[in-house]
Amino acid sequence: MQRIYFQTFGCKANQYDTERMRQELEARGGHASESWTEAEVCVVNTCTVTNQADAEARRFIRRVRRENPDLRVVVAGCSAALRAEEYAAMDGVTGVVKGHDPVEVAQAAQRDSLVQIGLRRTLDRKCAFCATRLARGVSRSREPDEVIAEARLLAGVHPELVITGIHIGHYGHDLPTGSSLGGLMVRLLDEIPDVRFRLGSVEATEIDDALLETMAGSGGRLVPHLHMPLQSGADPVLRRMRRWHTREQYRRRTLEIAERLPALGLGADVITGFPGETEEDHGATRSLIEELPFTYLHVFPFSPRDGTVASELQREMPVPQRVAGERSRDLRELVQGKGEAYRATRVGDQVTVVLEAGGMALTEDYLRASAPGGLVRDRRALHSGILRMKDRGLYIDLNPDPHIQSPGS
């Protein structure tokens, strides 16, 4: 029986893809190993959102090969799709899959000699800075019945399911049935009653009124948490980024959402130091973040990715890395204060949580709190409790009944 260690870098979509790889390999007789030192094969699912993400994957491969020289490494994912030759040249790499196909990963893992499997789809360039779309290609929607069937299966062992993917706001646009993300969520809530759902990253301008009303009226089953990529709060930068919203469109829609969802976990991605970003542009981004009810942000200094429009812009109108870093720190400090202020408003509120590893609990609105120990056996259930504050951190007093089936029941 082949022992396989799985390592995932990047987003929730990558985590899902790794799970599909694991299932495919186990169906072929493989066994997931908890340690790469005891494994025969290591499957590395890579991310390419930044140069640092590429570098982290390469460092990891070198490390596991040092600690287990007999280990065979199969590299897959977004970075592998764009940098296959670089990975193929690394010591110990016996397979490179340009993408996330679990069957192709399984085939590569079962070979001893180097094999490269290429992309079989047309690439689709969107935002000027985004290498992920280069690696993953055009949006492709799964049939609603297929999504429902998988969600029903997962609901047997998980109290919360996350709807993830690349550009999920476009869900259904390529299907002949006229499906939409909002319509899919209505079906999921109706047909799978014993879990709650959380949306992955979704564009603010693609959260229509129907989806917003579904969230607001779900009794917490479609949780009040949204991660809506912003990238910049300055229109000149947004145009160079080839984003499809303006500053005012994002601002207006966010305020409408916040008015409908008073307790809202709200996050966004922001890039500082994008080519041509001026101090005035940074100020516009800062003022927008100050105004909107963000509870957290993912802020990154700009990192050019090969093959993107932004890499060309970087040569024409670069922003010094030092400046980009300073602007990132400024925005992180700003949102840290906003997040702390929001958490303080939630102290004393009744919440429903999912228990996580390490003694933590996750609320509907994406707050993490410490939970009492000894509850590992109950991680498949949702729990009700009161949020408290201790040493600037949150903890939860759990309801005596630990087996609440859903927030709305």
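Reading guide: rules and limits
- Starting from 1, residues in each chain are numbered consecutively following that chain's sequence as written.
- Residues qualify for local features only when their pLDDT is at least 70, as the model is predicted, and side-chain atom pairs are given and counted only at 80 or more; totals for whole chains, interfaces and linings, by contrast, use all residues.
- Excluding hydrogens and water, the side-chain figures rest on all heavy atoms present in the structure.
- The secondary structure listing takes helices from DSSP runs of H or I that are at least 4 residues long and strands from runs of E that are at least 2 residues long, numbered from the N terminus.
- Throughout, exposure labels follow a simple rule: accessible area from a 1.4 Å probe, protein chains only, divided by the maximum for the residue type, with under 20% read as buried, over 50% as exposed, and the rest as partly exposed.
- Here, two residues are considered to be in contact whenever any of their heavy atoms come within 4.5 Å of each other.
- Any Phe, Tyr or Trp ring, taking Trp's six-membered ring, that has another such ring centre within 6.5 Å forms a pair; planes under 30 degrees apart are called stacked, those over 60 apart edge-to-face, and the others tilted.
- A pair of strands is treated as paired once DSSP finds two or more bridges between them.
- Here pLDDT means the predictor's own confidence in every residue, given as a number from 0 to 100.
- A pair is scored as a salt bridge if a Lys or Arg side-chain nitrogen falls within 4 Å of a carboxyl oxygen belonging to Asp or Glu.
- Whenever two N or O atoms come within 3.5 Å, that pair is a polar contact, provided that in protein one can donate a hydrogen and the other can accept it, and provided that, for residues adjacent in sequence, both atoms are side-chain atoms.
- This arc is built from the directions going out from the helix axis to the C-beta atoms.
- Grouping buried Ala, Val, Leu, Ile, Met, Phe, Trp, Tyr and Cys residues that are joined through side-chain atoms within 4.5 Å yields what is termed a nonpolar core.
- Orientation is described by axes fitted as lines to C-alpha atoms, over the contacting stretch for helices, and by angles from 0 to 180 degrees between their N-to-C directions.
- The hand of a helix crossing depends on one turn: near helix anticlockwise from the far one by less than a right angle means left-handed, and clockwise means right-handed.
- Gly is put with the polar residues, along with every residue not named as nonpolar or charged; the nonpolar set is Ala, Val, Leu, Ile, Met, Phe, Trp, Tyr, Cys and Pro, and the charged set is Asp, Glu, Lys and Arg.

1. Side note on the overall build of the chain
Stage number 1. Helix and strand counts for the chain stand at 14 helices and 17 strands.
Stage number 2. When the 409 residues of the chain are sorted by exposure, 52% land in the buried category.
Stage number 3. In the chain, of all internal contacts separated by at least 6 residues, the share reaching a separation of at least 24 is 71%.

2. Some words on the packing of aromatic side chains
Stage number 1. Counted according to the given criterion, the structure contains five aromatic pairs.
Stage number 2. Geometrically, the ring pair formed by Tyr5 and Trp36 is edge-to-face, given 5.4 Å between the ring centres and 85° between the ring planes. You can see Tyr5 sitting in strand 1 (residues 3-8) and its partner Trp36 sitting in the loop between strand 2 (31-32) and strand 3 (41-46), a full 31 residues away along the chain. With respect to class, Tyr5 is no different from Trp36; both count as buried.
Stage number 3. Ring centres 5.9 Å apart and planes at 75° place the aromatic pair Phe9 and Phe60 in the edge-to-face group.

3. Brief notes about helix 5 (residues 102-109)
Stage number 1. Burial analysis of helix 5 places six of its eight residues in the buried class, which makes it a mostly covered element.
Stage number 2. Taken as a whole, helix 5 has its buried residues at Pro102, Glu104, Val105, Ala106, Ala108 and Ala109.

4. Some words on the environment of Leu297
Stage number 1. Structurally, the position occupied by Leu297 is in the loop between helix 12 (279-291) and strand 12 (298-301).
Stage number 2. With 28 residues separating them in the primary sequence, Leu297 and Asp269 have C-alpha atoms 6.0 Å apart.
Stage number 3. Ignoring any residue separated from it by four or fewer positions in sequence, one finds Leu297 in contact with Ala268, Val270, Ile289 and Val335.

5. Considering the pairing of strand 5 (residues 93-97)
Stage number 1. Most of strand 5 sits inside the fold, with five of its five residues counted as buried.
Stage number 2. Here strand 4 (residues 72-77) runs beside strand 5; their pairing, made up of three bridges, is parallel. The residue of strand 5 that forms the bridge with Val74 is Gly95.

6. Thoughts on the confidence of the model for the chain
Stage number 1. Across the chain, the average pLDDT comes to 87, with 89% of residues at or above 70.
Stage number 2. Predicted confidence in the chain is weakest over helix 6 (residues 132-136), with a mean pLDDT of 55, and strongest over helix 12, with 98.

7. Considering the environment of Val351
Stage number 1. Within the secondary structure layout, Val351 lies in strand 13 (residues 350-356).
Stage number 2. Not counting the four nearest positions on each side in its chain, Val351 is found in contact with Arg346, Thr363, Glu364, His383, Ser384, Gly385, Leu387 and Ile396.

8. A word on the pattern of salt bridges
Stage number 1. For the coordinates displayed, the defined rule picks out 34 salt bridges.
Stage number 2. Taking the shortest distance from any N to any O, the salt bridge between Glu86 and Arg83 comes out at 3.0 Å.
Stage number 3. By relative accessible area, which is 39% here, Glu86 ends up partly exposed.
Stage number 4. In the salt-bridge network here, residues are joined through shared partners; they are Asp54, Arg58, Arg83 and Glu86.

9. Some details on the side chain of Arg65
Stage number 1. Looking at where Arg65 falls in the secondary structure, it is placed in helix 2 (residues 51-67).
Stage number 2. Side-chain polar atoms of Arg65 contact the side chain of Asp91, separated by 3.0 Å.
Stage number 3. When near neighbours in sequence (up to four residues on either side) are disregarded, Arg65 contacts Asp70, Leu71, Val73, Asp91 and Gly92.

10. Description of unusual backbone geometry
Stage number 1. The phi angle at Gln231 is positive, at roughly 75°, despite the residue not being glycine.
Stage number 2. Within the fold, Gln231 resides in the loop between strand 9 (225-227) and helix 10 (235-241).
Stage number 3. Phi at Arg242 is positive, roughly 65°, even though this residue is not glycine.

11. Structural notes on helix 7 (residues 144-154)
Stage number 1. Residues of helix 7 that are buried include every one of Pro144, Val147, Ile148 and Ala151, and no others. Seen from one end, helix 7 has its buried residues packed into an arc of 100°, which puts them on one side. Residues Asp145 and Leu153 are exposed on helix 7 and point more than 90 degrees away from its buried face.
Stage number 2. Elements that come into contact with the buried residues of helix 7 comprise strand 7 (160-163) and helix 8 (181-191).

12. Quick look at the nonpolar core
Stage number 1. Judged by nonpolar contacts, the single largest core of 43 residues is most densely connected at Leu181, Met185, Leu188, Phe197, Leu199, Leu226 and Phe294.
Stage number 2. When contributions to this core are tallied by element, the ones reaching two or more residues are helix 7, strand 7, helix 8, strand 8 (196-199), helix 9 (209-216), helix 11 (247-260), helix 12 and helix 14 (321-346).
Stage number 3. In terms of residue count, the dominant contributor to this core is helix 8 (five residues).
Stage number 4. Discounting chain neighbours no more than four positions away, the residues touching Phe294 are Leu230, Tyr250, Leu266, Gly267, Ala268, Ile289, Val335 and Lys338.
Stage number 5. One finds Trp36, Val64, Leu71 and Ala88 within the second-largest nonpolar core, a separate group that totals 22 residues.

13. Things to note about the packing of helix 7 against helix 8
Stage number 1. As a packed pair, helix 7 and helix 8 sit with axes 10 Å apart at the nearest point and diverge in direction by 40°. Crossing of helix 7 against helix 8: the hand is right-handed. Across the interface between the two elements, Pro144, Asp145, Val147, Ile148, Ala151 and Arg152 of helix 7 pack against Leu184, Arg187, Leu188 and Glu191 of helix 8.
Stage number 2. The residue inventory of the contact of helix 7 with helix 8, partitioned by class, reads six nonpolar, no polar and four charged.

14. Structural notes on the environment of Ala76
Stage number 1. Looking at the secondary structure, you find Ala76 in strand 4.
Stage number 2. Ala76 sits in the buried class, given a relative accessible area of 0%.
Stage number 3. Sequence spacing of Ala76 and Thr18 is 58 residues, and the spatial spacing of their C-alpha atoms is 9.5 Å.
Stage number 4. Not counting chain neighbours up to four residues away, the residues in contact with Ala76 comprise Met21, Val44, Asn45, Thr46, Val97, Gly99 and Val105.

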